[in-house]
Amino acid sequence: METTKRQHNKAPGDSPQRNHREKRCTLVGMSCDVCLSALKIGAGLLGHSSAMLADGIHSISDFVTDTLVYAFVRLSGRGIDEQYRYGRGKFETLAAFLISIILVVVALGLLVEGAGDVWAAMQGQVLERPDTIALAVGLIAIVVKEGLYRFTRHESHATSSTALGAYAWHHRADALSTAATLLGVAGAMFLGERWRVLDPLAAIAVSVLILVLAYRLGRPAVEELLEVSLPHEEVERIGDIVSGVEGVKAFHNLRTRRNGQLRVVDMHIKVDGTLNVVQSHNITRQIESRLREALGNVMTNIHVEPYCGNNQCERHQHETD
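The structure presented is a predicted model; accordingly, all values stated were derived computationally and were not measured.

Visitor: When you look at the packing of aromatic side chains in this model, what are you seeing that I'm missing?
Guide: Both the distance between ring centres and the angle between the ring planes are used here to describe each pair of aromatic rings. One pass over the full model with this rule turns up one aromatic pair. Against the face of Tyr149 rests Arg172, its NZ or CZ located 3.9 Å from the ring centre. The ring of Trp169 has Arg216 lying over it, and the distance from NZ or CZ to the ring centre is 4.9 Å.

Below is the structure:
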């Protein structure tokens, strides 16, 4: 007797409320980024600050990122259909990966620009002294961006959204970038011509930090897109849970991966061959329930086989007793 457990046409964790929170969070970020871009560019032009003007132009890229996140969040919220039988969780992962690429491009741009400014200063070029408006707008931008980071980070934890998690770190990277600009502006205003090189030096330091953040965001996204297994500790925990379910004699072919906020678990279990279909199905229901209690949102695909004795590739019930 062999049966395969069917999946419902709704992925665990799919929630209109969750998707609404993701879209609301992204729209808040989009609105703030548009306003900050206009303020920075205006302050750069009126305050004679090329650093602030460049930061304002950089902020325009934030709007592109916002649009990207919003589009992918909308797609991921559509759930399961005939084309996407495992849901659209990978859209969130893809968004996180693309954000990490954007961060790399921005960081390299800051690095090259900063290095060029340092070289120019070493050749004797003197930067123009910026006005107070550039300093004021820089302070406002840092406060707003740090607030957006904390708000988005909170929402990412509340919704288990990979895309919002990456989006939050993008806000933090923007705050650090503006902080570097602000250091340069303050140094140029208060420390004299000789110290105006602080602006490009700070930009170089922040660009390295942004590259580190991009790596931290991009690596797990790439691993998920390549369907790397769940961490060893989680796989062992899943094995312990399955072995602890009454009626499971052994299991094998355990395969795991992430799909956005979901953990996907496929396995073959072996039960007493005299059990009927209903009894075997009830065992799979118990496994699914315990996995969700322990790990949260889990999508399972459990294949049932009759137990015919020990096999080296199987994990048996008595091993956990």
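Visitor: Which parts of the structure should I look at to understand helix α8 (residues 277–295)?
Guide: Within an α-helix, residues lying three or four positions from one another point in the same direction, as the helix has 3.6 residues per turn. Here α8 is 19 residues long and its end C-alpha atoms lie 27 Å apart, about the 27 Å a rise of 1.5 Å per residue gives. When α8 is considered as a whole, its buried residues turn out to be Ser280, Ile283, Thr284, Ile287, Glu288, Leu291 and Leu295. The arc that holds the buried residues of α8, viewed along the axis, is 135°, so those residues lie on one side. Opposite the buried face of α8, at more than 90 degrees from it, the exposed residues are Val278 and Glu293. Where α8 begins, the side chain of Asn276 points an oxygen toward the backbone nitrogen of Val278, at a separation of 3.1 Å. Gly296 occupies a position one or two residues after α8 and carries a positive phi of about 90°.

Visitor: Would you mind going over helix α5 (residues 162–190) with me for this structure?
Guide: End to end, α5 covers 42 Å across 29 residues, agreeing with the expected 42 Å (1.5 Å per residue, within 8%). Among the 29 residues in α5, 22 count as buried, and that is most of the element. Following α5 by one or two positions, Gly192 adopts a phi angle in the positive range, close to 95°.

Visitor: Sorry, what's going on with unusual backbone geometry here?
Guide: Most peptide bonds take the trans form, and the phi angle of most residues other than glycine is negative. One non-glycine residue, Asn253, lies in positive phi territory at about 55°. Of note, Asn253 is situated in strand β2 (residues 250–259). Judged by its relative accessible area of 42%, Asn253 falls in the partly exposed class.

Visitor: When you look at the pairing of strand β3 (residues 262–271) in this model, what are you seeing that I'm missing?
Guide: As a general feature of sheets, a regular strand has side chains that alternate between the two faces. The element β3 is extensively covered by neighbouring structure, given that 10 of its 10 residues are classed as buried. Here β3 shows no split at all, with Leu262, Val264, Asp266, His268 and Lys270 on one side and Arg263, Val265, Met267, Ile269 and Val271 on the other all buried. Two elements, β2 and β3, share eight bridges in a ladder whose sense is antiparallel. Bridged to Arg255 within β3 is Asp266. Connecting β2 to the next strand, β3, in antiparallel fashion are two residues, including Gly260 with a positive phi near 70°. Considered for its hand, the β-α-β crossover made up of β3, α8 and strand β4 (residues 298–306) is right-handed.

Conventions adopted
Residues numbered from 1 in each chain as written. Predicted model: local features only at pLDDT ≥ 70, side-chain atom pairs only at ≥ 80, totals over all residues. Heavy atoms only, no water. Phe/Tyr/Trp six-rings, centres within 6.5 Å; stacked < 30°, edge-to-face > 60°. Lys NZ or Arg CZ within 6 Å of the ring centre and 35° of its normal. Helix = DSSP H or I, 4+ residues; strand = E, 2+ residues; numbered from the N terminus. Expected span 1.5 Å × (residues − 1). Buried < 20%, exposed > 50% of the residue type's maximum accessible area, 1.4 Å probe, protein only. Arc of directions from axis to C-beta. Polar contact = N/O pair within 3.5 Å; in protein donor to acceptor, adjacent residues only side chain to side chain. Pairing = 2+ DSSP bridges. Right-handed = clockwise from strand over helix to strand, strands pointing away.

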